[in-house]
Amino acid sequence: MSKNVKIALYVVIGLILLNLMPFITVQTKDDTGRSWRVPFASRFVSKDDTSVSFKSIRSKYALEKDSQNALHSYTEVKCYGKKYFYDKANDVTILDAKVDGSVLNHRLTYSLEGGNICEGWTNDDEVSFPFGPIDEVDLNIPVEEALEKEWFVVQDGKALNAAAYHDFARMVKQGVYCMERMIVIEGDHRSIVDMQVMESCPKPFRVTVRDETGIRSNYFARFTDQEVGNKKIVQVYEVQSSDEEPLVLFEFE
């Protein structure tokens, strides 16, 4: 095999690998001069208020891998239970990156939203988000459904899933910012209790109670679960003082 043939073969192999395999990311500009981080060998084709698109001859696999690397060059932000990427230079949030098209004619699209959509969103918001607002919970939610949601359920003084509470209590003792939703049923009376360990408050324990009379929320300095006989008494304190009279939230066996 001649030297020129070998060189040509290496070039072809290199081009095939470049097309098929992840490589590097580069900066490219749109029609207004704004710069974007994209996979190598991508060119700008269009932009509107909600997206910017690029075309490439590279494979879908390579573009998907390299576009994820490109996104991680921006500031990662998290809110509403999802992860996004904030481009400070262009003041937009990149919601996701999608690749479609056909061989040698793939299109990469970044979905956009103006500004930093997670601005003002806190770690406390992120912790409570999966539970949803307490005022939207059905007070008469079936016990089985509450158990499926892994909420802690106390019915007539008996814990139906004590492990849920113990997991929460263990995280509290470990200093983890966390939350548990609890449903306490006594005869015909029902109450929903949200207890959250807050990062941003001087009194870190926020307790919100909802029953047929309405919703009440307050912040407390500490909480304990004292064992008396075969009962565990869950209570909170407004100050750290050991001689303060606690507020009992509920009891269970």
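Residues numbered from 1 in each chain as written. Predicted model: local features only at pLDDT ≥ 70, side-chain atom pairs only at ≥ 80, totals over all residues. Heavy atoms only, no water.

1. Quick look at the sheet that holds strand 7 (residues 92-102)
Strand order in this open sheet of 6 strands is 3-4-8-7-6-5, and the pairing throughout is antiparallel. Two strands in the sheet have a free side with no partner beyond their single neighbour: strand 3 (42-47) and strand 5 (75-79). Across the sheet, the axes of successive neighbouring strands diverge by a mean angle of 40 degrees, strand direction being ignored. Alignment of strand 4 (residues 51-56) against strand 8 (residues 105-114), held across 6 bridges, turns out to be antiparallel. Pairing of Ser56 across the sheet is with His106, part of strand 8. (Pairing = 2+ DSSP bridges. Helix = DSSP H or I, 4+ residues; strand = E, 2+ residues; numbered from the N terminus. Axes fitted to C-alpha atoms, helices over the stretch in contact; angles between N-to-C directions.)

2. Observations concerning the pattern of salt bridges
Under the criterion given, the structure shown has 8 salt bridges. Notably, a salt bridge pairs Arg181 with Asp194, separated by 2.7 Å at the nearest N-O pair. Taken together, the residues span a long stretch of sequence, with Arg181 in strand 11 (residues 179-186) and Asp194 in strand 12 (residues 189-197) at a distance of 13 residues. Summarising the burial analysis for this pair, Arg181 and Asp194 share the class buried. Here Lys232 ties to Glu227 by a salt bridge, and the two come within 3.0 Å at their closest N and O atoms. A relative accessible area of 57% places Glu227 in the exposed class. (Salt bridge = Lys/Arg side-chain N within 4 Å of Asp/Glu carboxyl O. Buried < 20%, exposed > 50% of the residue type's maximum accessible area, 1.4 Å probe, protein only.)

3. Digging into the environment of Lys47
Looking at the element boundaries, Lys47 is found in strand 3. Along the sequence, Lys47 and Asp30 sit 17 residues apart, while their C-alpha atoms lie 7.7 Å from each other. Setting aside anything within four residues of it in sequence, one finds Lys47 in contact with Asp30, Arg34, Trp36, Val52 and Leu112. (Contact = heavy atoms within 4.5 Å.)

4. Things to note about the packing of aromatic side chains
Under the definition given, this model contains 12 aromatic pairs. Aromatic side chains Phe152 and Phe250 sit 6.1 Å apart centroid to centroid with 45 degrees between the ring planes, which places their arrangement in the tilted category. Taken together, the positions of Phe152 in strand 9 (residues 152-155) and Phe250 in strand 17 (residues 247-252) put the pair 98 residues apart, joining distant regions of the chain. Residue classification places Phe250 among the buried positions, given a relative accessible area of 4%. Through a chain of ring-to-ring contacts, three or more aromatic side chains come together here, namely Phe152, Tyr165, Phe250 and Phe252. (Phe/Tyr/Trp six-rings, centres within 6.5 Å; stacked < 30°, edge-to-face > 60°.)

5. Some points on the layout of surface pockets
Looking at the largest pocket, its volume works out to about 170 Å³. Forming the walls of the largest pocket are Ser128, Phe129, Gly132, Pro133, Ile134, Met179, Arg181, Asp194, Gln196, Arg206 and Thr208. Elements supplying a minimum of two residues to the lining of the largest pocket: strand 11, strand 12 and strand 13 (205-211). The class makeup of the residues in the lining of the largest pocket is 4 nonpolar, 4 polar and 3 charged. (1 Å grid on protein atoms, 1.4 Å probe; cavity = no way out; pocket = protein on both sides within 12 Å on 5 of 7 lines; lining within 4 Å. Points joined across faces, edges and corners; volume = space filled by probe spheres on them. Nonpolar A, V, L, I, M, F, W, Y, C, P; charged D, E, K, R; others polar.)

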